[in-house]
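# Structural overview
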Amino acid sequence: MKKHNFNAGPSILPREVIEETAKSVLDFNGTGLSILEISHRSKEFQAVIDEAEALFKEMLNIPEGYSVLFLGGGASMEFCMVPYNFLKRKAAYLNTGTWAKKAMKEAKAFGEVVEVASSADANFNYIPKGYEVPSDVDYLHITTNNTIFGTEIKEDPEVDVPLIADMSSDIFSRPVDVSKYICIYGGAQKNLAPAGVTFVVVKNEYLGQTGRYIPTMLDYRTHVDGGSMFNTPPVLPIYTAMLTLRWMKKQGGVKEMERRACEKADLLYGEIDRNSLFTGTTRKEDRSRMNICFVMAPGYEHLEADFARFATERGMVGIKGHRSVGGFRASCYNALPKESVEALVACMQEFEKERKEDKQ
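Because the structure is predicted, anything quoted here is derived from the model rather than measured.

Reading the values: the criteria
- Residues numbered from 1 in each chain as written.
- Predicted model: local features only at pLDDT ≥ 70, side-chain atom pairs only at ≥ 80, totals over all residues.
- Heavy atoms only, no water.
- Helix = DSSP H or I, 4+ residues; strand = E, 2+ residues; numbered from the N terminus.
- Buried < 20%, exposed > 50% of the residue type's maximum accessible area, 1.4 Å probe, protein only.
- Contact = heavy atoms within 4.5 Å.
- Areas by Shrake-Rupley, 256 points an atom, 1.4 Å probe, with all protein chains shown as cover.
- Lys, Arg positive; Asp, Glu negative; His and termini not counted.
- Charge placed at Lys NZ, Arg CZ, Asp CG, Glu CD.
- Pairing = 2+ DSSP bridges.
- Axes fitted to C-alpha atoms, helices over the stretch in contact; angles between N-to-C directions.
- Phe/Tyr/Trp six-rings, centres within 6.5 Å; stacked < 30°, edge-to-face > 60°.
- Lys NZ or Arg CZ within 6 Å of the ring centre and 35° of its normal.
- Salt bridge = Lys/Arg side-chain N within 4 Å of Asp/Glu carboxyl O.
- Expected span 1.5 Å × (residues − 1).
- Arc of directions from axis to C-beta.
- Core = buried A, V, L, I, M, F, W, Y, C linked by side-chain atoms within 4.5 Å.

### What about the overall build of the protein?
- In terms of regular secondary structure, the protein is built from nine helices and 14 strands.
- When the backbone C-alpha atoms are referred to their principal axes, the protein occupies close to 65 × 55 × 30 Å.
- Of all 360 residues assigned to the protein, the portion counted as buried reaches 55%.
- Taking the intrachain contacts of the protein between residues at least 6 apart in sequence as the baseline, contacts between residues at least 24 apart amount to 67%.
- Within the structure as shown, the protein displays about 15,300 Å² of accessible surface, and the carbon and sulfur contribution to it stands at 48%.
- In the protein, which carries 44 positive and 49 negative side-chain charges, the distance between the mean positions of the two groups comes to 3 Å.

Dropping the structure here:
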């Protein structure tokens, strides 16, 4: 039976990328060595990281004056590194869910944190609008896509202060005007690579301005100067990231990824809105294209476990919703083919035909 991988992360990767990575685990680039054992100081791996950086810049059209870093620690480490490197006195944060709250918590150790707006009042089912950002903050931090609650900021905000974004789960799914940001970061295990590598895009002129001592490994300047190889980097995930970037370029780049994301999201949300057994959990204008959340409609809540089994039997993997929301979550990252969304829609339609008379 074909499996349809809707896992939220680690998540689906392009099949050809997985196959090429598997080959390189046995023999990397004809060296007779595995990518798992090759020296990160070798010319062969230097070529990998150079290509990964160049493709990253090309895919996002990153202007001059920015560095692309490949680090360890996950986005959770960046919750600390961002304020360490950029927060002098006061920072603003937009609270749109679990990961935004975690980022705010870390920032409070380095200065004053202003919560400019929050959607906690509605269990984070929308993106706050019309908030004011104090003019004297060092930066505004946003989380562009919320994997748990299924909301997404789909356009770059217009603000008059430096902007920082956690783009862990929607990087490369839409064009981004990088010039509006001084830092973009994220865990790579959703749209780029296996777990283990974190991408960071930093505007170099903003580094080294806090006046505080920053431990060597937590200072972005260390990794800019070291070309992401101050210490041994996560070699395998960086290699797979390079392959994914190659795949993305061959498919047509970020604009094509956005077209596909819209197509898949429209298809699944259309079925959620049509199907009498299901209902969405987020406001329509803020629905995520990456993480599509839905629950059983009123009167059908008792069928949740039944649908979970029904879908699993038909090859759907990873659609259980986060415990904060319940229900279901279909993560539709770049590598997920449209056919998988069509299969899930067909599964929902079949379940409706069988069980629509079971309303309590």
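### Regarding the sheet that holds strand β12 (residues 291–296)
- Across the sheet, three strands lie side by side as β11-β12-β14; this open sheet has antiparallel pairing. On the outer flanks of this sheet lie β11 (278–280) and β14 (328–331), each paired with one strand and no other. Ignoring strand direction, the axes of neighbouring strands in this sheet form an average angle of 35°.
- Looking at chain direction, β12 and β14 are connected through four bridges and run antiparallel. If you follow Cys293 over to β14, its bridge partner there is Arg329.

### Notes on the packing of aromatic side chains
- Scanning the entire structure with this criterion turns up 15 aromatic pairs.
- An angle of 85° between the planes, with centres 5.4 Å apart, marks the rings of Phe28 and Tyr239 as edge-to-face. Separated by 211 residues along the polypeptide, Phe28 in the loop between α1 (15–26) and α2 (43–60) and Tyr239 in helix α6 (residues 235–251) bring together distant segments of the chain.
- Judged by relative accessible area, Tyr239 falls into the buried class, the value being 5%.
- Three or more aromatic residues joined by ring pairs form one cluster here, namely Phe278, Phe294, Phe307, Phe310, Phe328 and Phe351.
- Geometry around Tyr126 places Arg283 over its ring, the cationic atom sitting 4.0 Å from the centre.

### With respect to the pattern of salt bridges
- Counting across every chain of the model gives 28 salt bridges.
- Between Asp306 and Arg355 there is a salt bridge whose closest N-O contact spans 3.0 Å. You can see Asp306 sitting in helix α8 (residues 304–313) and its partner Arg355 sitting in helix α9 (residues 338–355), a full 49 residues away along the chain.
- Within the structure, one salt-bridge network assembled from shared partners comprises Glu256, Arg259, Arg260, Glu263, Lys338 and Glu342.

### Quick look at the pairing of strand β5 (residues 140–143)
- Side chains of β5 alternate between two faces, with Leu140 and Ile142 and His141 and Thr143 buried alike.
- Summarising the sheet, strand β3 (residues 90–95) and β5 pair through two bridges and their orientation is parallel. Its bridge partner being in β5, Ala92 is matched across the sheet by Leu140.

### A closer look at α9
- The terminal C-alpha atoms of α9 lie 26 Å apart, and with 18 residues this matches the ideal 26 Å at 1.5 Å per residue to within 8%.
- Every buried residue belonging to α9 is among Ser340, Val341, Leu344, Val345, Cys347, Met348, Phe351 and Glu352, and all of these are buried. Taken down its axis, α9 places every buried residue within 155° of arc, on the same side.

### Quick notes on the nonpolar core
- By size, the foremost hydrophobic cluster in this structure holds 54 residues, and its most contacted members are Phe56, Phe172, Ile184 and Leu192.
- For Phe172, the contacting residues outside a window of four places in its chain are Phe56, Met59, Leu60, Leu192, Leu245, Met248, Val254, Met257 and Asn334.

Geometric descriptors of this kind do not, in isolation, establish any biological role.
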